[in-house]
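Listed here are the chains, written in short residue letters.
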Number of protein chains: 2
Amino acid sequence: MTEKERITSQFGPQGPDGQAVPQPQENPAAEFEFAHPADGAELLESLPLEEQVEVITTLEPEDAAEFIAEMERHDRARLMKDLPPDYAADLLGQMSPDDAADILDDLDDAHQQRLLQRVEQEEALEIETLLTFDPDTAGGVMNTEVTVLDQNLTADQAIQLIRSAAEESEIPYYAYIVDEADHLIGVLSLRNLMLSRPGQRLRDVLGKQHLVYSYFDVDKEEVAQKLTHYNFLALPIVDREMRLLGVVTHDDVIDIIHEEASEDMLGMVGAGQDETTDTPWLQSVRMRLPWLLVNVLNSAVSAWVVHLFEGTITQMAILAALMPIVANQAGNSGQQSLAVIIRQLAMEAFDRKRAWLAVAREARIGLLNGIIVGILVMVGVSLLTHKIELAFVMSLALGVDMCIGNVAGASIPVVFKELGRDPAQASSIFLTALTDSAGFLTFLGLSSLLLF
Amino acid sequence: MTEKERITSQFGPQGPDGQAVPQPQENPAAEFEFAHPADGAELLESLPLEEQVEVITTLEPEDAAEFIAEMERHDRARLMKDLPPDYAADLLGQMSPDDAADILDDLDDAHQQRLLQRVEQEEALEIETLLTFDPDTAGGVMNTEVTVLDQNLTADQAIQLIRSAAEESEIPYYAYIVDEADHLIGVLSLRNLMLSRPGQRLRDVLGKQHLVYSYFDVDKEEVAQKLTHYNFLALPIVDREMRLLGVVTHDDVIDIIHEEASEDMLGMVGAGQDETTDTPWLQSVRMRLPWLLVNVLNSAVSAWVVHLFEGTITQMAILAALMPIVANQAGNSGQQSLAVIIRQLAMEAFDRKRAWLAVAREARIGLLNGIIVGILVMVGVSLLTHKIELAFVMSLALGVDMCIGNVAGASIPVVFKELGRDPAQASSIFLTALTDSAGFLTFLGLSSLLLF
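- If you check an unreviewed UniProt entry, chain A appears there as Magnesium transporter MgtE from Desulfobaculum xiamenense.
- According to UniProt, the comment filed for chain A under the heading Function (unreviewed entry) is "Acts as a magnesium transporter."
- Turning to chain A, the UniProt annotation filed under Sequence similarities (unreviewed entry) states: "Belongs to the SLC41A transporter family."

Following this line, the structure appears as structure tokens:
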């Protein structure tokens, strides 16, 4: 983005122009002829690899690039490896640099280099720059094709530039206004430009604008929260000197939100955070096994708690039958808290005070639910076993443990967050360890104190 | 939408025009003067109710309406109830009808009627129509302010209309082209219009377009999947006769995706699906309690399984200590499957074959993980207890149960889906019931068969 007056589309070929009229093409793969890139990608994914290669190499490179950019990550990487390197590099050159970088990111270094060497130098340089950004940050998801206008242009000059660029690319939602040193100083919509006096300079059109942007190195989830908060279509990404680097757009944000929801739900129980049903199954085994082993060690602790009370259990084996109910309830109640807090942390910027107030709220909920469930269980167990003391001990343990469960469930993500860890990762595993141990300890402990 | 040439903004005052230059206003609440509606809403939410009322009534109704539209549901409903009815109705009139309908949806019938009577008739009628749509469907989330153009207009007439409308509202992303009877026949972007021959009629500009739309009564999540699939900014919503009713836009879709992720995570463990940390705590108690009671009954089944083996446990109390490890592992492994499948169902349209293939994949993963964990546990338990047979029984039970856990975890959401139920709702609770019972049964059963 050195020529400031240059207008490039905010979107590459994968952009939102899908509702436009499709142009008839000479295309041997008839099914793909009028397919929207997203549909073409799905069609491709359903074919075996050799046929994918065959279809892609018979398509116009421009169309092929659009289809590949829309494919699922694993499928896409496999296909790119199987294409002739020169053709694959040609396709990368046809894509927007951020799509090309995303695809290369999934290939090993050798493959990356082999393809990059074959891409035109200017484009390759841009892709390589994008590859240096951490994929979990704003820089890692941004697009570099933005409409940049110099602050000294007049409104009518700006409109003229945008209009002439519309011949070959989509009309941008926002134009980004920069000063002589490429510093971002403001954002204007097409409407802002059209409502300005024709001769007015862009810097004057801006007036005292409250400029919203993100730094390139912030977490991509923070970018998603900001764009969602303001309902923007795109958010400018700048370096620490406020130089414009690119934009993150609404469709990137939808992907981020989807990914984040998956990461939280999968991470909670120790599955791979980017696992899908398309992940090779042995890879899933590798991703899940470590947490399953942590879970064994965790449950060994609660087993040890039970072991301490083996004498009590030998005398009264029904305790062994009832103790899982207590642990289970505490676990379930705690998981309800866990889910509420993880969602809060996902949807809002972290606010320590609000987070701990939420923990206090969960404690109240756990206590009241514990009392109610405790009373009902006391009645039930009394009727079934005719052991009033046993029923009392069990309902007492239930009340205490459900409250513990809720406090633990609500605190674990907050504590993880405070420690700079992912609040969801393995949270359910640690919660269960805690609720099992606490459940067994209170129930068996109270039993051995009060029943013998 | 009776006058077809009428141009209205696709977005109400809450639209994405937030990056525009703020206009200085005479505004007593200084903090709110230059606030973006989203920031203003957050500021408002942080105030006590009386102060919220005070600030809102001193703001220009137009600004007040924007702030309220951006507020959180619970806060917003409380505030609307506390405002003087005439002023509240005035604010509703200032909002886009879909925002007004969303707000009224959260009020009780008496309040709804009281306010609707005070809204101008034409607007009230539109709001009432929107209120008849199920809030979980396309009709329930769509906006009715769309740019509708008659197919007989020429391209230059269309551009002229859009431009003159830009004076008072945002420039639309797409214009929807209808025939004489208001049937949707196509969608054009501003770029499509600008690249057409000036005298060309819109129906000819459309050519053979592949029109993408949703019916008003489909699940809103389906709309979100479609818009996400095509990376569109908006999707037209039609009735069964293809008459255009409104559009669902990218920011609605972001809300739907957020909501859906919350619903899945909260539903899984039986919390209220729309619970947040702002939900009144007694309401949370009410929402969670039924599932906690289901959980008690479920765990009673696994307690009964243990009860059957009380004799075995009396002879060998260490079994009571080890059995939770087996059940826990099966549960954790199963929850990993559950999470993967629920996410798949959330992100893709349901495909029976793919779903059952995914279950088979989970069975393989469970089996291999079960074998590995089983072998490690066999070594560990042998070393700790010096009881080789016990260690063998435990590892056998672990292998079997982790496989059962994965099959159950993967099947439950698919079966729920096939039954027309929410695939996530209480899935974790039923899974735990299953893995606990199966875990106790296999471990205690194998023990009593092989160890005595």
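1. Section: the pairing of strand 5 (residues 234-238) of chain B
Residues and elements named next belong to chain B.
Argument step 1. In terms of residue burial, strand 5 counts as a mostly covered element, since five of its five residues are buried.
Argument step 2. What you see with strand 5 is no split at all: Ala 234, Pro 236 and Val 238 on one side and Leu 235 and Ile 237 on the other are buried throughout.
Argument step 3. Across two bridges, strand 4 (residues 214-215) lies against strand 5 in parallel orientation. Bridge pairing in strand 5 links Ser 214 to Ile 237.
Argument step 4. Strand direction decides the pairing type here: strand 5 and strand 6 (residues 244-249), joined by five bridges, are antiparallel. Within strand 6, the residue paired with Val 238 across the bridge is Leu 244.

2. A closer look at helix 18 (residues 352-385) of chain B
Residues and elements named next belong to chain B.
Argument step 1. When the terminal C-alpha atoms of helix 18 are compared, their 47 Å separation across 34 residues agrees well with the 50 Å that a helix rising 1.5 Å per residue should span.
Argument step 2. The opening residue of helix 18, the one whose side-chain oxygen lies 3.1 Å from the backbone nitrogen of Lys 353, is Asp 351.
Argument step 3. Of the residues flanking the end of helix 18, it is His 386, one or two places downstream, whose phi is positive at about 55°.

3. A look at a negative patch on the surface
Residues and elements named next belong to chain A.
Argument step 1. On the surface, Glu 50, Glu 51, Glu 54 and Asp 82 cluster together into a patch of negative charge.
Argument step 2. If one sorts the elements of the negative patch by residue count, helix 2 (residues 49-58) sits on top with three residues.
Argument step 3. Relative to the assigned elements, Glu 50 resides in helix 2.

4. Let's talk about the interface of chain A and chain B
Argument step 1. Each partner contributes residues to the interface: chain A has 127 residues there, and chain B has 125 residues.
Argument step 2. Our count for the contact surface shared by chain A and chain B stands at six salt bridges.
Argument step 3. Two residues, Arg288(A) and Glu362(B), come together in a salt bridge whose shortest N-O distance is 2.7 Å.
Argument step 4. One can count 36 residue pairs in polar contact (both at pLDDT 80 or more) joining chain A with chain B.
Argument step 5. At 20 residues, helix 17 (residues 318-347) of chain A tops the list of elements feeding residues into the side of chain A that touches chain B.
Argument step 6. Classifying every residue of the side of chain A that touches chain B gives 67 nonpolar, 37 polar and 23 charged.

5. So, the relation of the copies chain A and chain B
Argument step 1. Each copy of the sequence occupies a distinct position, and chain A is placed on chain B by a rotation of 180° and an axial shift of 0.0 Å, giving an RMSD of 0.1 Å. On the angle and the small slide along the axis, the relation comes out as a two-fold axis. Among all C-alpha atoms of chain A, that of Thr314(A) lies closest to the rotation axis, at 2.3 Å.
Argument step 2. Both copies contact each other with a shared surface, as 98% of the interface residues of chain A are interface residues in chain B too.

6. A word on the packing of helix 18 (residues 352-385) of chain A against helix 15 (residues 281-308) of chain B
Argument step 1. In contact at an axis separation of 9 Å, helix 18 of chain A and helix 15 of chain B are set at 40° when each is read in the N-to-C sense. With respect to helix 15 of chain B, the axis of helix 18 of chain A lies oblique. In this structure, the crossing between helix 18 of chain A and helix 15 of chain B has a hand that is right-handed. The segment helix 18 of chain A lies against helix 15 of chain B, with Arg361(A), Glu362(A), Arg364(A), Ile365(A), Leu368(A), Asn369(A), Ile372(A), Val373(A), Leu376(A) and Val377(A) engaging Trp281(B), Leu282(B), Ser284(B), Val285(B), Arg288(B), Leu289(B), Leu292(B), Leu293(B) and Val296(B).
Argument step 2. Of the residues in the contact of helix 18 of chain A with helix 15 of chain B, the class split is 13 nonpolar, two polar and four charged.

7. Details of the sheet that holds strand 5 of chain B
Residue and element names in this part refer to chain B.
Argument step 1. Judged by pairing direction, the sheet is mixed, and its three strands sit side by side in the order 4-5-6 without closing on themselves. Edge positions in the open sheet fall to strand 4 and strand 6, since each of these has one partner strand only.
Argument step 2. Its contacts with the sheet put helix 13 (residues 220-230) on strand 4, strand 5 and strand 6, and the angle it makes with strand 5 is roughly 140°.

8. Points about the sheet that holds strand 6 (residues 244-249) of chain A
Adjacent strands of a sheet form backbone hydrogen bonds with each other and so pair up, either parallel or antiparallel.
All names here are of chain A.
Argument step 1. Strand order in the open sheet made by the three strands is 4-5-6, with mixed pairing throughout. Two strands in the sheet have a free side with no partner beyond their single neighbour: strand 4 (214-215) and strand 6.
Argument step 2. Across the sheet, helix 13 (residues 220-230) touches strand 4, strand 5 (234-238) and strand 6, and the angle it forms with strand 5 is around 135°.

9. Some remarks on the packing of aromatic side chains
Note on aromatic pairs: each is described by the distance of the centres and the angle between the planes.
All names here are of chain A.
Argument step 1. Summed over the entire model, instances satisfying the criterion amount to 10 aromatic pairs over all chains.
Argument step 2. Between Phe 416 and Phe 430, the aromatic rings sit 6.2 Å apart at their centres with planes inclined by 85°, giving edge-to-face as the arrangement. Within this pair, whereas Phe 416 is found in helix 19 (residues 388-418), its partner Phe 430 is found in helix 20 (residues 427-450), the two being separated by 14 residues in sequence.
Argument step 3. Here Phe 416 falls in the buried class, since its relative accessible area comes to 11%.
Argument step 4. Through pairs of rings, three or more aromatic residues link up here, namely Trp 291, Phe 416 and Phe 430.
Argument step 5. We note Arg 240 situated over the ring of Tyr 215; from NZ or CZ to the ring centre the distance is 4.0 Å.
Argument step 6. The ring of Phe 416 has Arg 421 lying over it, and the distance from NZ or CZ to the ring centre is 4.0 Å.

Cut-offs used in this document
- Residues numbered from 1 in each chain as written.
- Chains lettered and ligands numbered in written order.
- Predicted model: local features only at pLDDT ≥ 70, side-chain atom pairs only at ≥ 80, totals over all residues.
- Heavy atoms only, no water.
- UniProt positions renumbered as here; feature names shortened; annotations may be inferred.
- Buried < 20%, exposed > 50% of the residue type's maximum accessible area, 1.4 Å probe, protein only.
- Helix = DSSP H or I, 4+ residues; strand = E, 2+ residues; numbered from the N terminus.
- Pairing = 2+ DSSP bridges.
- Expected span 1.5 Å × (residues − 1).
- Polar contact = N/O pair within 3.5 Å; in protein donor to acceptor, adjacent residues only side chain to side chain.
- Patch = residues over 30% accessible without salt bridge, like charges linked within 9 Å, V, L, I, M, F, W, Y side chains within 5 Å.
- Areas by Shrake-Rupley, 256 points an atom, 1.4 Å probe, with all protein chains shown as cover.
- Salt bridge = Lys/Arg side-chain N within 4 Å of Asp/Glu carboxyl O.
- Lys, Arg positive; Asp, Glu negative; His and termini not counted.
- Charge placed at Lys NZ, Arg CZ, Asp CG, Glu CD.
- Contact = heavy atoms within 4.5 Å.
- Nonpolar A, V, L, I, M, F, W, Y, C, P; charged D, E, K, R; others polar.
- Least-squares fit on C-alpha atoms with pLDDT ≥ 70 in both.
- Axes fitted to C-alpha atoms, helices over the stretch in contact; angles between N-to-C directions.
- Parallel < 35°, antiparallel > 145°, perpendicular 65-115°, else oblique.
- Left-handed = near helix turned anticlockwise from the far one by under 90°.
- Phe/Tyr/Trp six-rings, centres within 6.5 Å; stacked < 30°, edge-to-face > 60°.
- Lys NZ or Arg CZ within 6 Å of the ring centre and 35° of its normal.

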